[in-house]
Amino acid sequence: MTDLFSPLRLGAIELPNRVVMSSLTRNRAGEGNVPTDLMVEYYRQRASAGLILTEASPVCAEGHGYPRTPGIHTAEQIAGWRKVTDAVHAAGGRIAIQLWHVGRISHPDLQPDGAAPVAPSALRPAGQAVTFTGMQDYVTPRALETAEIPGVIAAFAQAAKNAMAAGFDGVEIHGGNGYLVDQFLRSSTNQRSDAYGGSKENRARLLLEIIAAVTAAICNDRVGLRLSPVTPFNDISDTNPQATFDYVVGELNRFDLAFLDILQGTGGSPQEQWLPFDYARLRAIYKGNLILNNGYDFASAQQAIASGAAAAIAFGRALLANPDLVERFRRGAPLNQPDYERLYVGEEKGYTDYPFLPA
Ligand code: PHB
């Protein structure tokens, strides 16, 4: 029987098990948004996961929206990530980097030259940005000119090449959670009148052009995609998410990606609170490997794999707090609980100090 401990091939990446580490922002990068030795240790500790998806990592300077998030657009960042991938590989693991552009979920304090963040349309998100001086209200972003869009696409393609130079096994394009690609995809944040706005076909154009460029740059079998059809996180919504994402996922079949990673509902919320959406329909439309993510435990993950709903399950909080999650699942051992006070602060505390099971 296929279960969480069964091997799986995602494109060119061979996983010994189906426990995937979800991308998790941890805000421990160093000066210049360069990965640190502490980050090397954090990822090395989690190398027994079938596949690690790194924290979201901006593809260009304008793609940053939070302090201390590691980028993949400078030589120093590539060198820092190389230490991470070497350590994970030496420990027997596999690791793909999540490629990110935050779009409007930023602040002039985090942007080059204090400029306004960029977005599909000049619509200010509700809420506040995390900045170096504390929380500050989001500002009205600047709508990207049509002529600037090739530059955004090129930044993703270059970042994918940088990821290969840094020794990653693959990349995951971040198309979810209300960040730039999702701001184009979903109707509430996209009021453009050019070829990148309006119909679902136009709203999906940026994503599909990014995928075309990234797969051309590094080959389709090392490229995955994150989507989150209904999360309202970062003040975003769609008037008809099923139609939008049925279309997007159908188009993905052209690219034969390594995997599609879907965040169901809202990050962290119980299933009763998820906005209505038929994930089985996406499963039926999509011809490739599907990773599902949101609050799965061992039993529900086993069930999702046994039923064919997912090829693998991504765990966030569980892997954050249990570097040896695969072994704990094998032994039926109790799990450490995450230290929610130290998700985004605390250096090694709540980061690299979660206990392993005794040998
Ligand atoms: C966050 O930093 O809060 C964050 C980043 C990327 C996500 C979700 C949340 O996809």
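The sections below set out a description of the structure shown in this document. Sequence positions are assigned chain by chain, starting from 1 and proceeding in written order. Where local features are concerned, this predicted model is filtered to residues with pLDDT of at least 70; where side-chain atom pairs are given and counted, the filter is 80 or more; whole-chain, interface and lining totals use all residues. No hydrogens and no water enter the side-chain calculation; it runs on all heavy atoms of the structure.

Digging into the overall build of the protein chain
Point 1. Numbering of helices and strands runs from the N terminus; a helix is a DSSP stretch of H or I covering at least four residues, while a strand is a stretch of E covering at least two. Tallying secondary structure elements over the protein chain gives 11 helices and 14 strands in all.
Point 2. Since a compact globule built from 359 residues should have a radius of gyration of about 21 Å, the 19 Å found for the protein chain is in line with a globular shape.
Point 3. Along the first, second and third principal axes, the C-alpha set of the protein chain runs to 60 × 45 × 40 Å.
Point 4. Here the protein chain, with 359 residues, has 58% of them falling under the buried criterion.
Point 5. Contacts were defined at the residue level, with two residues in contact if any of their heavy atoms lie within 4.5 Å. Restricting to contacts in the protein chain with at least 6 residues of sequence separation, those with at least 24 account for 71%.
Point 6. Reported accessibility uses the Shrake-Rupley method at a 1.4 Å probe radius. Residues are deemed covered only where the shown protein chains occlude them. On the protein chain, roughly 13,600 Å² of surface is accessible, and the fraction owed to carbon and sulfur atoms is 52%.
Point 7. We score Asp and Glu as negative and Lys and Arg as positive, and we do not count His or the chain ends. A charge is said to be at NZ when it belongs to Lys, at CZ for Arg, at CG for Asp and at CD for Glu. Averaging the locations of the 31 positively and 37 negatively charged side chains of the protein chain gives two centres separated by 4 Å. Between the two quantities, the radius of gyration covers C-alpha atoms and the globule rule is 2.2 Å times the number of residues to the power 0.38. Throughout this description, buried means an accessible area under 20% of the type-specific maximum (1.4 Å probe, protein chains only), exposed means over 50%, and partly exposed covers the range between.

Looking at the nonpolar core
Point 1. Nonpolar cores are built from buried Ala, Val, Leu, Ile, Met, Phe, Trp, Tyr and Cys residues. Side-chain atoms within 4.5 Å join them into one set. Core analysis: the biggest nonpolar cluster contains 86 residues, and Y43, L227 and F315 have the highest contact counts within it.
Point 2. Top contributing element to this core by residue count: helix α3 (residues 149-165), with 8 residues.
Point 3. Setting aside residues no more than four positions away along its own chain, L227 makes contact with G175, G176, L185, L207, F245, V248, V249, L260, D261, I262 and L263.

Looking at the sheet that holds strand β11 (residues 223-227)
Point 1. Pairing in this closed barrel of 8 strands is parallel, and the strands run β3-β4-β5-β10-β11-β12-β13-β14 around the ring. Between one strand axis and the next, the sheet turns through 25° on average, direction left out of account.
Point 2. Inspection of the sheet shows strand β3 (residues 19-21) paired to strand β14 (residues 312-315) by 3 bridges, in the parallel sense. Along β14, the bridge assignment pairs V20 with A314. The pairing criterion is simple: DSSP has to find at least two bridges between the two strands. Axis geometry follows a simple rule: fit a line to the C-alpha atoms, using only the stretch in contact for helices, then measure angles between N-to-C directions, giving values from 0 to 180 degrees.

Looking at the side chain of S6
Point 1. Summarising the element assignment, S6 is placed in the segment before β1 (8-10).
Point 2. A distance of 2.8 Å separates a polar side-chain atom of S6 from the backbone nitrogen of D3. Counting of polar contacts relies on pairs of N or O atoms within 3.5 Å, with two restrictions inside protein: one atom must be capable of donating a hydrogen and the other of accepting it, and residues adjacent in sequence are counted only when both atoms are side-chain atoms.

Examining the environment of Q271
Point 1. Note that Q271 resides in the loop between β12 (259-263) and α8 (279-285).
Point 2. For the pair formed by Q271 and N240, sequence separation is 31 residues and the distance between their alpha carbons is 20 Å.

Topic: the layout of surface pockets
Point 1. For cavity detection a 1 Å grid was placed over the protein atoms alone, and a set of points counts as a cavity when a 1.4 Å probe fits there but cannot get out; an open set counts as a pocket when protein lies on both sides within 12 Å along at least five of seven lines, with lining residues being those that have an atom within 4 Å of a point. Grid points are joined across faces, edges and corners, and a volume is the space filled by probe spheres set on the points. Each pocket or cavity is described by its volume, and for the largest pocket that value is around 1,200 Å³.
Point 2. Around the largest pocket, the lining comprises 47 residues; the ones closest to its centre are S23, L24, T25, L343 and Y344.
Point 3. Secondary structure elements with two or more residues in the lining of the largest pocket: β5 (95-100), β14 and α10 (317-321).
Point 4. Top contributing element to the lining of the largest pocket by residue count: α10, with 3 residues.
Point 5. The nonpolar class holds Ala, Val, Leu, Ile, Met, Phe, Trp, Tyr, Cys and Pro. Asp, Glu, Lys and Arg form the charged class, and all remaining residues, Gly among them, are polar. Residue composition of the lining of the largest pocket, by class: 22 nonpolar, 19 polar and 6 charged.
Point 6. Taken as a whole, the second largest pocket encloses approximately 270 Å³ of empty space.
Point 7. Contributing to the lining of the second largest pocket are 17 residues, with Q264, Q271, W274, N294 and Y296 lying nearest its centre.
Point 8. Elements with a contribution of two residues or more to the lining of the second largest pocket: α8 and β13 (290-293).
Point 9. Element by element, the count of residues in the lining of the second largest pocket is highest for α8, at 3 residues.

Concerning the site of the ligand
Point 1. Close to the ligand lie T25, Y66, W100, H174, N177, Y179 and F233.
Point 2. The contact in question runs from an oxygen atom of the ligand to an N or O atom on the side chain of N177, over 2.5 Å.
Point 3. Starting from 280 Å² of accessible surface for the ligand in isolation, the protein chains cover 82%.
Point 4. According to the grid-proximity analysis, the pocket containing the ligand is the largest pocket.
Point 5. A breakdown of the residues in the shell around the ligand according to their chemical character gives 4 nonpolar, 3 polar and no charged. Near residues are defined by distance, with any heavy atom within 4 Å of the molecule or strand qualifying the residue. Here the criterion for a molecule occupying a pocket or cavity is that more than half of its atoms lie within 2 Å of the pocket grid points.

Digging into the pattern of salt bridges
Point 1. The term salt bridge refers to a pairing of a side-chain nitrogen on Lys or Arg with a carboxyl oxygen on Asp or Glu at a separation within 4 Å. Scanning the entire structure with this criterion turns up 16 salt bridges.
Point 2. For the salt bridge of K83 with D37, the shortest nitrogen-to-oxygen distance reads 3.6 Å. Of this pair, K83 sits in helix α2 (residues 75-90) while D37 sits in helix α1 (residues 37-45), placing them 46 residues apart in sequence.
Point 3. Overall, the relative accessible area of 47% leaves K83 in the partly exposed class.

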